[in-house]
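# Structure at a glance
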2 protein chains.
Amino acid sequence: MPLGEFDLIARFFSRPARRAALGVGDDCALLAPAPGMQLATSCDMLVEGRHFLSTVAPERLGHKALAVNLSDLAACGAAPLAFTLALSMPNADEAWLEGFSRGLLALADAHGCELVGGDTTRGPLVICISVFGEVPAGQALLRSGARAGDGLYVSGTLGDARLALEAVRGTLELAGETFAQVRRAMELPQPRVALGVALRGLATSAIDISDGLLGDLAHLLRRSGVGARLDVDALPRSAQLAAQPLAVQRECLLAGGDDYELLFTAPADRAGAVRDAAAAAGVAVTRIGAIEAEPGLRLVDADGRAVAATWGSFDHFRT
Amino acid sequence: MPLGEFDLIARFFSRPARRAALGVGDDCALLAPAPGMQLATSCDMLVEGRHFLSTVAPERLGHKALAVNLSDLAACGAAPLAFTLALSMPNADEAWLEGFSRGLLALADAHGCELVGGDTTRGPLVICISVFGEVPAGQALLRSGARAGDGLYVSGTLGDARLALEAVRGTLELAGETFAQVRRAMELPQPRVALGVALRGLATSAIDISDGLLGDLAHLLRRSGVGARLDVDALPRSAQLAAQPLAVQRECLLAGGDDYELLFTAPADRAGAVRDAAAAAGVAVTRIGAIEAEPGLRLVDADGRAVAATWGSFDHFRT
């Protein structure tokens, strides 16, 4: 007998309620942010063939589906609290569900983020997660606070996920071990939750890089009403990406997408505090440029020479 | 030039923020429930061909996508606050988007429910809405509070949506005006938000009927650890349904699905208060049975004779 919808929820996704007032199984989940806290929420929808390959291991897909949402909380400086999962799938494949739920709940447990509700249905493979976090009222990191003179920073390294995608597409070839490493970056992004929390009261603006550095930086600059100078040679990259031709490096760094690193700004005189926050969060942070009053983005290399920008950012309805 | 993802959001879904602290366009939306209030949240995913027909008018689909979520808030006694929309669609069809957003936002406005964020992507037509409401701490209506002796009630009428679906399937024929009326029930359900709020502190348990009366009643009984006697002849039905053969009526009433009426219980000595709450909410409410200590469901007719139950409830992975 096929596994039913309610059995499926009970078997793979039901866990005892913890902080949330009610867990899986009533019409609504109830959330109670602590006094003085606002609730931050974000949702992302992942569609097979568009956001992930059918060949991805279910455990990694479960991880990534939640990771991209936690990354949005991180960009707001919110601490994870709970999430809901809506899942459409062609059939109730127990092996797939076992792997998917294992990867999903392992990342959830690592961040103290409780599954409190959701919906399952038959259909194309589509995953939609809504995540909830807490942030002290008025302290959420926004896209709109960057000011001329601020330093521009990015966490971790950029471009590996795009390098992996290009290898899958066959536009370049990677050695087995190199491919395994960059594929890990593509399939197992680490949301920078601790860094986001550490940047409260310090960063003047923040966004997570999901559509590519140039595109997401453009959002931040537009919302803040400022411009920026970006040192393309300062962009942090893995040894795997650094071994590629410079043109490939720049394409992956600037227009890669799927990085899930934090891009943020902080006053120039707070550089030491940024270093301390990064150290406390255990995440590398690199200064990659500066905010300027003049609108627009100026790309320069290590020698200060202008670099032409011919890269686009990912738009789901233009590509 | 095709409409891009960000243009699309700006054009069809961006509105000025009201009660929520932040509107569409940052990494997260921020929500601040009033002091003493809990936040209730629910999500539903609608897949073309599974939850709606490709022939449905986009405006009606926009209405229904939010209505089914508001119905979950109603079942908890929560007052609507905000929602997020994740939308996957094959292409950015402007006429479709115009109609869809019009129907969606009209219902949102009618309930003071603000669109605060979301996600759009290319893919199969899938709509995932997460809705947020407020309820005083400890006053949410749950599925688990029904007690022996309570009266069992349902709002509105049942079965019209199923009758419409059967006409679409071709298993029965309806006259044009009859079909138009029941199709309206299927495509434009009215979430019983005001009734849910009015039932706070009065109903001992509640659930909304989305998968069919028998199935949803079974959830309520199981969670409450009780049984019930249900008078099938007392089930409220439209004139259109009442004109059908009795077997069709019972099938549609008991196992219809897509009703989005509230099923709830209240102490026997509060029948007057239930009538007052229904009148205040402007919704008909009918007593259809009673909760009993003995587990299980006993169907009876108006003469108290047992009626055989051969109907199932809708399960997305068994049908």
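Residues numbered from 1 in each chain as written. Chains lettered and ligands numbered in written order. Predicted model: local features only at pLDDT ≥ 70, side-chain atom pairs only at ≥ 80, totals over all residues.

### Side note on the relation of the copies chain B and chain A
Relative to chain A, chain B is turned by 180° and slid 0.0 Å along the rotation axis, the superposed coordinates differing by an RMSD of 0.0 Å. Here the two chains are linked by the operation of a two-fold rotation axis. A high fraction, 100%, of the interface residues of chain B reappear at the interface in chain A, so the copies pair face to face through one surface. (Least-squares fit on C-alpha atoms with pLDDT ≥ 70 in both. Contact = placed C-beta atoms within 7 Å.)

### Looking at the pairing of strand β5 (residues 126–136) of chain A
Residue and element names in this part refer to chain A. Of all 11 residues that make up β5, 10 are buried, and the element is covered over most of its length. The pairing of strand β2 (residues 37–47) with β5 spans 11 bridges and is antiparallel. Paired with serine 42 across the bridge in β5 is valine 131. Here strand β3 (residues 79–89) runs beside β5; their pairing, made up of nine bridges, is antiparallel. Residue pairing across strands places serine 88 opposite valine 126, the latter belonging to β5. (Buried ≥ 20, exposed ≤ 12 C-beta atoms within 10 Å, placed from the backbone. Helix = DSSP H or I, 4+ residues; strand = E, 2+ residues; numbered from the N terminus. Pairing = 2+ DSSP bridges.)

### Examining the environment of alanine 280 of chain B
With respect to the element layout, alanine 280 of chain B can be found in helix α10 (residues 271–281). Considered as a pair, alanine 280 of chain B and leucine 195 of chain B are 85 residues apart in the sequence and their alpha carbons are 7.9 Å apart.

### Some thoughts on the sheet that holds strand β4 (residues 114–122) of chain B
One open sheet accounts for five strands, arranged β1(A)-β2(B)-β5(B)-β3(B)-β4(B); its pairing is mixed. Edge positions in the sheet fall to β1 (29–31) of chain A together with β4 of chain B, since each of these pairs with one other strand and no more. Put simply, the sheet's adjacent strands are angled 20° from each other on average, direction ignored. (Axes fitted to C-alpha atoms, helices over the stretch in contact; angles between N-to-C directions.)

### Concerning the domain arrangement of chain A
Residue and element names in this part refer to chain A. Taken domain by domain, chain A consists of domain 1 (5–136) and domain 2 (151–300). One C-alpha centre belongs to domain 1, the other to domain 2, and the line joining them spans 25 Å. Taken together, the contacts link 18 residues of domain 1 with 18 residues of domain 2. For the side of domain 1 that touches domain 2, the elements supplying multiple residues, two or more each, are α2 (58–76) and β3. Considering each element in turn, the side of domain 1 that touches domain 2 owes the most residues, 12 residues, to α2. (Domains from an automatic or database assignment.)

### Quick notes on the packing of helix α4 (residues 160–169) of chain A against helix α5 (residues 176–187) of chain A
Residue and element names in this part refer to chain A. Interhelical geometry of α4 versus α5 gives an angle of 120° and a closest axis separation of 7 Å. Considering the relative orientation of α4 and α5, their crossing is left-handed. In this structure, α4 contributes Asp160, Ala161, Leu163, Ala164, Leu165 and Ala167 to the contact, and α5 contributes Phe179, Val182, Arg183, Ala185 and Met186. Residues belonging to the contact of α4 with α5 are distributed by class as follows: nine nonpolar, no polar and two charged. (Left-handed = near helix turned anticlockwise from the far one by under 90°. Nonpolar A, V, L, I, M, F, W, Y, C, P; charged D, E, K, R; others polar.)

### Things to note about helix α5 (residues 176–187) of chain B
All names here are of chain B. For α5, built from 12 residues, the straight-helix expectation of 16 Å at 1.5 Å per residue is met to within 8% by its first-to-last C-alpha distance of 16 Å. Of all the residues in α5, the buried ones are Thr178, Val182, Arg183, Ala185, Met186 and Glu187. Taken together, the buried residues of α5 touch α2 (58–76), α4 (160–169) and α8 (239–242). (Expected span 1.5 Å × (residues − 1).)

### Here we look at the nonpolar core
Phe83, Cys128 and Leu263 of chain A together with Phe83, Cys128 and Leu263 of chain B are the most contacted members of the largest nonpolar core, which has 189 residues in total. If we skip the residues at most four places from it in the chain, phenylalanine 83 of chain B touches Leu66, Asn69, Ala108, Cys113, Leu115, Ile129, Ser130, Val131 and Phe132 of chain B. (Core = buried A, V, L, I, M, F, W, Y, C linked by C-beta atoms within 7 Å.)

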